[in-house]
Amino acid sequence: MPQYENPWTIPNMLSMTRIGLAPVLGYLIIEEDFNVALGVFALAGLTDLLDGFIARNWANQKSALGSALDPLADKILISVLYVSLTYADLIPVPLTYMIISRDVMLIAAVFYVRYRTLPTPRTLAKYFNPCYATARLKPTFISKVNTAVQLILVAASLAAPVFNYADSIYLQMLWYFTAFTTAASAYSYYHYGRKTVQVIKGR
């Protein structure tokens, strides 16, 4: 049986806030309001730092849902940012396609793990009930590095039109480094897939 837990933790609420900020950032970038977008992006980054800090330091704030919701929020935020920055001609199309393709596969894998670890009889109500914890996800080290690099590129790209360095060779080098860590991260999940999932046993 799955473990029953409270999903309404502060880290989970912060992750939901980050998801909510994603379309706001996308709109600001498409409207080329980069100064405000930088501020909103900084706020989204603060929610990411806070939810991780709280979950690590208060045991009652750590949850299996959070282990999936936190990276999911990152992926939604990153996907929206990369699409909108590509629309604004600040990030190349192939890199955005590569990042979103990897994230779509990872999100599909998370839904598959949820299905496989749910005890029978499997129902939609049980599947989408966040109170039932069936598995805890542990990202690989290179995946954490990749997320950090992707966010650094977003910050650098948002700041580029503000500080007038959109054609910088260093920014272009960051594109290639981001592509490399994205490919390495995808391979790490393929190679260590089973080790990144911890099935929760009932009490």
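Each value, and the rule that gives it
- Residue indices begin from 1 for each chain and proceed along its sequence in written order.
- For this predicted model, a pLDDT threshold of at least 70 governs which residues receive local features, and a threshold of 80 or more governs which side-chain atom pairs are given and counted, while totals over whole chains, interfaces and linings are taken from all residues.
- Note that water and hydrogens are dropped before the side-chain values are worked out from all heavy atoms of the structure.
- UniProt positions are given in the numbering used here, feature names are shortened, and annotations may be inferred rather than shown by experiment.
- Strands are runs of DSSP state E lasting at least 2 residues, helices are runs of H or I lasting at least 4, and numbering of each runs from the N terminus.
- To estimate the expected span of a helix, count its residues, drop one, and scale the result by 1.5 Å.
- Buried, partly exposed and exposed residues are distinguished by accessible area as a fraction of the type maximum, computed with a 1.4 Å probe on protein chains only: under 20%, between the cut-offs, and over 50%, respectively.
- We define a nonpolar core as any set of buried Ala, Val, Leu, Ile, Met, Phe, Trp, Tyr and Cys residues linked to one another through side-chain atoms lying within 4.5 Å.
- Contacts between residues were defined by any pair of non-hydrogen atoms, one from each residue, lying within 4.5 Å.
- Think of a salt bridge as a Lys or Arg side-chain nitrogen and an Asp or Glu carboxyl oxygen that are within 4 Å of each other.

**What about the UniProt feature "transmembrane region" (unreviewed entry) in the protein chain?**
- Listed under "transmembrane region" (unreviewed entry) in the UniProt record, and renumbered for this structure, are residues 94-113, 145-163 and 169-190.
- Across residues 169-190, helical content stands at 100% and strand content at 0%; the span's end C-alpha atoms are separated by 32 Å.

**Quick look at helix α6 (residues 141-163)**
- Taking 1.5 Å per residue, 23 residues should reach 33 Å; α6 reaches 32 Å between its end C-alpha atoms and fits that length.
- Downstream of α6 by one or two residues, Asn-164 has phi in the positive range, about 60°.

**Comments concerning the environment of Tyr-190**
- Turning to its location among the elements, Tyr-190 is positioned in helix α7 (residues 169-192).
- Here the alpha-carbon distance between Tyr-190 and Leu-106, two residues 84 residues apart in the chain, equals 9.9 Å.

**Some remarks on unusual backbone geometry**
- One non-glycine residue, Glu-32, lies in positive phi territory at about 60°.
- For Glu-32, the location among the structural elements is in the loop between α1 (10-30) and α2 (34-57).
- Positive phi outside glycine occurs at Asn-164, with the angle close to 60°.
- Mapping Asn-164 onto the fold places it in the loop between α6 and α7.
- You can call Asn-164 exposed: its relative accessible area is 71%.

**Quick notes on the nonpolar core**
- Counting 29 residues, the largest nonpolar core has Ile-29, Tyr-82 and Leu-158 as its most contacted members.
- Among the secondary structure elements, those contributing two or more residues to this core are α1, α2, α3 (64-87), α4 (93-117), α6 and α7.
- For Ile-29, the contacting residues outside a window of four places in its chain are Phe-34, Ala-37, Leu-81, Ser-84, Leu-85, Ala-88 and Leu-158.

**Digging into the pattern of salt bridges**
- Under the definition given, this model contains 5 salt bridges.
- Here Asp-48 ties to Arg-18 by a salt bridge, and the two come within 3.4 Å at their closest N and O atoms. Within this pair, whereas Asp-48 is found in helix α2, its partner Arg-18 is found in helix α1, the two being separated by 30 residues in sequence.
- When the shortest N-O distance is used, the salt bridge between Arg-18 and Asp-74 registers 3.1 Å.

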